[in-house]
Amino acid sequence: MTAPTRREAQQRADDIRTFREELARLESEGVLRLEVAQRAALQVHHDGLLAGYAERYDIDRDRQAKQLSLGMRIASFLGALALAASVFFLFYQFWGHFPETAQVAILAGSALASLGLTIWVQGRDPSAYFTKLAALVAFACFVLNISMLGQIWNITPTDRALLPWAALAFLLAYACDLRLLLAAGICCVIAWVSARVGAWNGIYWLHAGERPENFFPVAALLLALPAFVSHARFSGFESIYRVFGLLCIFVPMLVLGHWG
């Protein structure tokens, strides 16, 4: 028997809680009453399952824990955004005071250090709250690395920078099971594909948004990907692909319907 994923473990815990509530309701109505030995064996079995799942996956064992988990997910999401933004503005606040060599060293060191921190935290954080913080900081440092190195060496801005950003976002998303980084990677892919399609039609890549129909190819790609790649181990990944795919269809259609 293969070990369940975190989503399957959480679903089993929710089923156990629902079963206990329904059993208590049936007993109060006099429809069903278990013997003492049966009730004790059932209680021991369920408690063992819940304890094992909680130790291995940090699941929510009851409604109160589920509400607390939701609050923690929201707090970690806002904290990750705030921390990434603080890193971004910290760089720009003091950037001009460093020589060029120090700037390159700081950029490369911060990107590598934040990536190493993410890997270290991911192995010690079953709840993934702190992993999300570290991963988003690593992604922000890498984006700064690419963009500011281009400014240091006066490299012409190009849409190709979106490819390494997307690659790191997907790597962190699949390695750490983070939907937030998956969404960031998908946004980079959407921007790159629409820019490439626009460039093939003679439009400068920064002006690709002026042609909403350029988003249709990436919409087809995002909608088709879940059908060919299994995401059974990753909770919510397929729905994120489909949501962004549908957005890349309906938003351009809305724009074209009004201003086409």
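I will try to describe carefully the structure that is included in this document. None of the values given here were measured: they were computed from a predicted structure.

**Some details on the overall build of the chain**
Looking only at helices and strands, the chain has nine helices and zero strands in total. In the chain, the order of α-helices and β-strands from amino to carboxyl end is α-α-α-α-α-α-α-α-α. Taken over the C-alpha trace, the chain has a radius of gyration of 24 Å; the compact-globule value for 260 residues is 18 Å, which it surpasses by more than 25%. The buried share of the chain, taken over its 260 residues, is 36%.

**Quick word on the packing of aromatic side chains**
Ring pairs (aromatic) are described by centroid distance and by the angle formed between their planes. Per the stated rule, a full pass over the model turns up three aromatic pairs. Where Y174 meets F237, the ring centres are 5.2 Å apart and the plane angle is 80°; that geometry is what we call edge-to-face. Residue Y174 is found in helix α6 (residues 162-176), and its partner F237 is found in helix α9 (residues 237-259); the two are separated by 63 residues along the sequence. On the basis of relative accessibility, which here comes to 26%, the residue Y174 falls in the partly exposed class.

**Looking at the state of the cysteines**
Across all of its chains, the model carries zero disulfides by this definition. The thiol sulfur of C141 is not disulfide-bonded, and the nearest other cysteine sulfur, from C176, lies at 15 Å. No disulfide involves C248; its sulfur sits 8.4 Å from the nearest other cysteine sulfur, which is in C187.

**A word on the side chain of E27**
With respect to the helices and strands, E27 occurs in helix α1 (residues 6-28). If we ignore the near neighbours within four places in the chain, the residues touching E27 are L32, R33, L34 and R39.

**Focus on α6**
For α6, built from 15 residues, the straight-helix expectation of 21 Å at 1.5 Å per residue is met to within 8% by its first-to-last C-alpha distance of 21 Å. Restricting attention to buried positions, one finds in α6 the residues L162, W165, A166, L168, A169, F170, L172, A173 and C176. In the segment just after α6, D177 is the residue with positive phi, at about 60°.

**Observations regarding the side chain of H46**
The topology assignment puts H46 in helix α2 (residues 36-57). Residue H46 is classed as buried on the basis of its relative accessible area of 8%. Once residues within four sequence positions are removed from consideration, H46 is found in contact with I16, F19 and R20.

**Re the nonpolar core**
Counting 37 residues, the largest nonpolar core has F139, L181, L182, I186 and L222 as its most contacted members. For this core, the elements supplying multiple residues, two or more each, are α3 (63-94), α5 (129-152), α6, α7 (179-200), α8 (216-228) and α9. At ten residues, α7 tops the list of elements feeding residues into this core. Here L182 is in contact with F170, A173, Y174, F237, I240 and Y241, once residues within four sequence places are set aside. Counting ten residues, the second largest nonpolar core, distinct from the first, contains F91, L144, L149 and I152.

**With respect to the packing of α1 against α2**
At a minimum axis distance of 10 Å, the contact between α1 and α2 shows a crossing angle of 150°. The angle between the axes of α1 and α2 places the two elements in the roughly antiparallel class. Crossing geometry of α1 relative to α2 is assigned as left-handed. Facing R6, A9, R12, A13, I16, F19, R20, L23 and E27 of α1, the residues of α2 in contact are R39, L42, Q43, H45, H46, D47, L49, L50, Y53 and Y57.

**Considerations on the environment of L107**
The topology assignment puts L107 in helix α4 (residues 100-122). When its relative accessible area of 0% is taken as the criterion, L107 is described as buried. In the structure, L107 is positioned 35 residues away from F142 in sequence and 8.0 Å away in space, judged by C-alpha atoms. Non-local contacts of L107, meaning those with residues more than four positions away in its chain, are made with F91, W95, L144, N145, M148, L149 and I152.

**Structural notes on unusual backbone geometry**
Here the phi dihedral of N154 falls at roughly 55°; this positive angle occurs in a residue that is not glycine. Summarising the element assignment, N154 is placed in the loop between α5 and α6. Given the relative accessible area of 69%, N154 is considered exposed. Even without glycine at this site, D177 takes up a positive phi of about 60°. Residue placement: D177 occurs in the loop between α6 and α7.

**A word on the pattern of salt bridges**
Under the criterion given, the structure shown has seven salt bridges. Between R17 and D14 there is a salt bridge, with its nearest N and O atoms 3.2 Å apart. You can see R17 and its partner D14 sitting in helix α1, three residues apart, about one turn around the helix. Linking D159 and R196 is a salt bridge whose minimum nitrogen-to-oxygen distance equals 2.7 Å.

Reading the values: rules and limits
Residues numbered from 1 in each chain as written. Predicted model: local features only at pLDDT ≥ 70, side-chain atom pairs only at ≥ 80, totals over all residues. Heavy atoms only, no water. Helix = DSSP H or I, 4+ residues; strand = E, 2+ residues; numbered from the N terminus. Rg over C-alpha atoms; globule rule 2.2 N^0.38 Å. Buried < 20%, exposed > 50% of the residue type's maximum accessible area, 1.4 Å probe, protein only. Phe/Tyr/Trp six-rings, centres within 6.5 Å; stacked < 30°, edge-to-face > 60°. Disulfide = S-S within 2.5 Å. Contact = heavy atoms within 4.5 Å. Expected span 1.5 Å × (residues − 1). Core = buried A, V, L, I, M, F, W, Y, C linked by side-chain atoms within 4.5 Å. Axes fitted to C-alpha atoms, helices over the stretch in contact; angles between N-to-C directions. Parallel < 35°, antiparallel > 145°, perpendicular 65-115°, else oblique. Left-handed = near helix turned anticlockwise from the far one by under 90°. Salt bridge = Lys/Arg side-chain N within 4 Å of Asp/Glu carboxyl O.

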